[in-house]
Structures are given as C-alpha cells and as structure tokens.
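# Working through the structure, step by step
Single-letter residue listing:
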Amino acid sequence: MAPKWQELADRLAVQIRRGDFAPGQHLPHIRELVAAGEGSKATVHAAYKALEAKGLVRSSRGHGTIVRPHKPIRLVGKRVVLREFTREDVDDVLAIIGDDKVTAWLSFDSRDRAQAVAMIEGTIERAQQEPRTEFHLGVTKRDDDHVIGFARIGLSGVQAGKLGYAIAAKEWGRGYATDAARALVTYAFKELGLHRVTTAIGPDNAASIAVVQQLGFACEGVLRDHVFTNGAWRDSLLYSVLADEWS
Ligand SMILES: CC(C)(COP(=O)(O)OP(=O)(O)OC[C@H]1O[C@@H](n2cnc3c(N)ncnc32)[C@H](O)[C@@H]1OP(=O)(O)O)[C@@H](O)C(=O)NCCC(=O)NCCS
C-alpha cells in the first residue's frame, strides 16, 4: 500500500490537473488538512514536497504553496510521442485532415488549409482553459518532431472522456495509433483520474476496431445514425474501457 503522504499527493495532483485548483491559487494551509484528518503535519508536508517535485506547485516562503501554470503535456510511448500542437504544425495537420483516405473514417469531411489553421488555433486556445477539458495532442515519431497524427480525449460527463485519433495514411500499419491511444488513455486514468473512456467507431472501420480491441476496450452497442459524414448518416459502435480494467 502506498504511504499516506503519497496517496494524498496523488489525489491533490489529480485535483490540480483537472483544474480544481487554478494556477496561482494557494493549496490549503498544512494545518487545515491536518484538521481535516488528512494526516500529521509531516504527512501533509511530504505530500506538498512531492507535488513540488512534480512541478505542479511551488512553495513561496511565508506565502504557502501555490499552484504553478500548467506545464505542456508530453507523453512518451514505445513508438510515438504525444505533445501539444503549435502553429508550425499546419502543413502536417493538413496532410491528415485534408486527406479523404483519413477523413472517410472521421465524423467530419476533409478540411482545407484555413480550416487546419483554425483547428490548431482552437486547440491551442482550449489547451489554456481552466479547467482544461480537452487533451488534443499531436502524435510524432520518437525521433522526429513532425506531426504524423493526433489523439484526443475530451472530458464529458462524470470522470469520463471521449477518445479520438487519426494517423497520416502513409504511416498506417506501424502500430502508431495503438501506441498513441495507449499513452493517452493511461494519462487519462492515472493523471486525470478518469473512470471511463469511450470511443465511437464506424462499424466498417476495421483498423480502428483492431486498435481498441488490442487495448482491451469492450463493445457496448450501436449508436444509430450517430454521425453525418460524407453526405450520409452513419452508425457507430460504442467502445469503452474502465479505470479498473486498465493495466
Ligand atoms: C484507425 C487508424 C488510426 C489506425 O492507425 P494505425 O497507426 O495504422 O494503427 P495501428 O498500426 O496501431 O493498428 C492498426 C491495426 O489495425 C489492423 N488493420 C489495419 N487495416 C485493417 C483492415 N483493413 N482490416 C482489419 N484490420 C486492419 C492492423 O493489422 C493493426 O492491428 P494489429 O496490430 O493487431 O495487426 C488509421 O487507420 C486512421 O487514421 N484511420 C482514419 C481515421 C480513423 O479511422 N480514426 C479513428 C476513428 S474512430
């Protein structure tokens, strides 16, 4: 069993990441948490030190413990890295969302350059929001910073998130989507404290179904006429995985 300070630090880290404490806000004074039964002064102090070591808070002499501005997310998988988008990613993003081979399977039609710019601007803006409810990251190979795909979890409902992903067609079949989705879902359960992650997939999308099956998602059923894309209504299969099923 994890020591008490560790449990407290993990719980506070989740609360900070999901925005319960905004950047610049003070964590409760140590004696308040002691009075609330969170443990001894040493326990709470050790938890605050652990949050400082993670870079989530800083202690300001005489002014308590203050939540730091959010650090950009960077998740390292076996084959890919997930990182925040930048405005320099437009051409790479356009090669994905402007390609009919990719968007045929997505809930939107192919987009042009102006729409790719708008998508990145919107993503960057939403990444700054407090609390953050969208985790839309660029996927790169481990040894190259060019974006070859994206993976996204949007928070919705109670401790729940919706997963989506796409990989540039020329990079299909190399395990990148599976690795990217694994890294992002792990982040969602371990760092964001989610309980349930779902994804809706077109019934004919064998590659995407293979990705979630490999990751242990279960199929819950059919969402009828779920999306209107490429000029027609389309069903989706709803897949989910729960925190205690994720290893
Ligand atoms: C779905 C998608 C993200 C998969 O990306 P990827 O990097 O090629 O995925 P991976 O290499 O990690 O895994 C693909 C799996 O699908 C399997 N696969 C690929 N094409 C397939 C097909 N036509 N029929 C059956 N299985 C197929 C692969 O064999 C692999 O499974 P395996 O690892 O068990 O062999 C990619 O095809 C894509 O971007 N598609 C368009 C957008 C999309 O569909 N997004 C998901 C919306 S729900």
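Residues numbered from 1 in each chain as written. Predicted model: local features only at pLDDT ≥ 70, side-chain atom pairs only at ≥ 80, totals over all residues. Heavy atoms only, no water.

### What to know about the pattern of salt bridges
Applicable threshold: We define a salt bridge as a contact between a side-chain nitrogen of Lys or Arg and a carboxyl oxygen of Asp or Glu at a distance within 4 Å. Only DSSP runs of H or I with at least four residues qualify as helices, and only runs of E with at least two residues qualify as strands; both kinds are numbered from the N terminus onward. A 1.4 Å probe rolled over the protein chains alone gives each residue an accessible area, and that area as a share of the maximum for its type sets the label: buried under 20%, exposed over 50%, partly exposed in between.
Enumeration over the complete set of coordinates arrives at 16 salt bridges. The closest approach of N and O atoms between Arg83 and Asp145, which form a salt bridge, is 2.8 Å. Here Asp145 lies in the loop between strand E5 (134-141) and strand E6 (147-155) and Arg83 lies in strand E4 (residues 80-83), a separation of 62 residues in the sequence. Overall, Asp145 belongs to the partly exposed group, its relative accessible area being 49%.

### Quick notes on helix H3 (residues 41-53)
For clarity, the cut-off: To estimate the expected span of a helix, count its residues, drop one, and scale the result by 1.5 Å. Along the arc lie the directions from the helix axis toward the C-beta atoms.
With 13 residues, H3 ought to run about 18 Å at 1.5 Å a step, and its terminal C-alpha atoms sit 18 Å apart, in line with that. Looking at H3, one finds that the buried residues are Thr43, Val44, Ala47, Tyr48, Ala50 and Leu51. The buried residues of H3 occupy an angular sector of 155° when projected down its axis, which confines them to one face. Of the residues in H3, the exposed ones pointing more than 90 degrees away from the buried face are Lys41, Ala42 and Ala53.

### What to know about the nonpolar core
Looking at soluble globular proteins, one finds that nonpolar side chains tend to be buried together. For clarity, the threshold we go by: By nonpolar core we mean a set of buried residues, namely Ala, Val, Leu, Ile, Met, Phe, Trp, Tyr and Cys, connected to one another through side-chain atoms within 4.5 Å. In this description, contact between two residues means that some pair of their heavy atoms is separated by no more than 4.5 Å.
Leu82, Leu163, Tyr165, Val185, Val197 and Phe217 are the most contacted members of the largest nonpolar core, which totals 36 residues. Listed by contribution, the elements that provide at least two residues to this core are E4, E5, E6, strand E7 (160-167), helix H7 (176-190), strand E8 (196-201), helix H8 (206-214) and strand E10 (232-242). Among the elements that take part in this core, H7 stands out by supplying ten residues, more than any other. With near-sequence residues (within four places) excluded, Tyr165 lies in contact with Leu106, Phe150, Ala151, Ala177, Ala181, Ile201, Ser208, Val211 and Val212.

### Some thoughts on the domain arrangement of the protein chain
Buried accessible area, meaning the area lost when the parts come together, often serves as the stated size of an interface. Condition: Here the bounds of each domain stem from an automatic or database domain assignment. A quick way to say it: buried area is the sum, across both parts, of accessible area lost when two parts are put together, with a 1.4 Å probe.
On domain assignment, one finds that the protein chain holds domain 1 (4-67) and domain 2 (74-245). When each unit is reduced to the centre of its C-alpha atoms, the spacing between domain 1 and domain 2 is 32 Å. Facing five residues of domain 1, the contacting portion of domain 2 comprises seven residues. When residues of domain 1 are sorted by the area they lose upon contact with domain 2, Val14, Arg17 and Arg18 head the list and together hold 73% of the total. At the boundary of domain 1 and domain 2, one finds one salt bridge. Ionic pairing is found between Arg17 and Glu191, a salt bridge with its closest N-O pair at 2.5 Å.

### Topic: the packing of aromatic side chains
To be explicit about the condition: Pairs were defined over the aromatic rings of Phe, Tyr and Trp, the Trp ring being its six-membered one, requiring ring centres within 6.5 Å. Orientation was assigned from the angle between planes: stacked under 30 degrees, edge-to-face over 60, tilted for the rest.
Overall, the coordinates contain three aromatic pairs when judged by the stated rule. Geometrically, the ring pair formed by Phe189 and Trp246 is tilted, given 5.9 Å between the ring centres and 55° between the ring planes. Taken together, the positions of Phe189 in helix H7 and Trp246 in the segment after E10 put the pair 57 residues apart, joining distant regions of the chain. With centroids separated by 5.1 Å and ring planes inclined at 65°, the aromatic side chains of Phe228 and Trp233 adopt a geometry described as edge-to-face. Given a relative accessible area of 47%, Phe228 falls into the partly exposed group.

### Some points on the packing of helix H4 (residues 90-97) against helix H6 (residues 113-127)
The following threshold applies: To get an axis, fit a line to the C-alpha atoms, keeping to the stretch in contact for a helix; angles then go from 0 to 180 degrees between the N-to-C directions. Angular relationships are summarised with four words: roughly parallel below 35 degrees, roughly antiparallel beyond 145, roughly perpendicular across 65 to 115, and oblique for the angles in between. We call a crossing left-handed when the near helix sits turned anticlockwise from the far one by less than a right angle, and right-handed when that turn is clockwise. Gly falls in the polar group here, along with every residue not listed as nonpolar (Ala, Val, Leu, Ile, Met, Phe, Trp, Tyr, Cys, Pro) or charged (Asp, Glu, Lys, Arg).
For the pair H4 and H6, interaxial distance at closest approach is 9 Å and the crossing angle is 115°. The angle between H4 and H6 places the two elements in the roughly perpendicular class. The hand of the H4/H6 crossing is right-handed. On H6, the residues that touch Val90, Asp91, Val93, Leu94 and Ile97 of H4 are Arg113, Ala116, Val117, Met119 and Ile120. Here the contact of H4 with H6 is composed, by residue class, of eight nonpolar, no polar and two charged.

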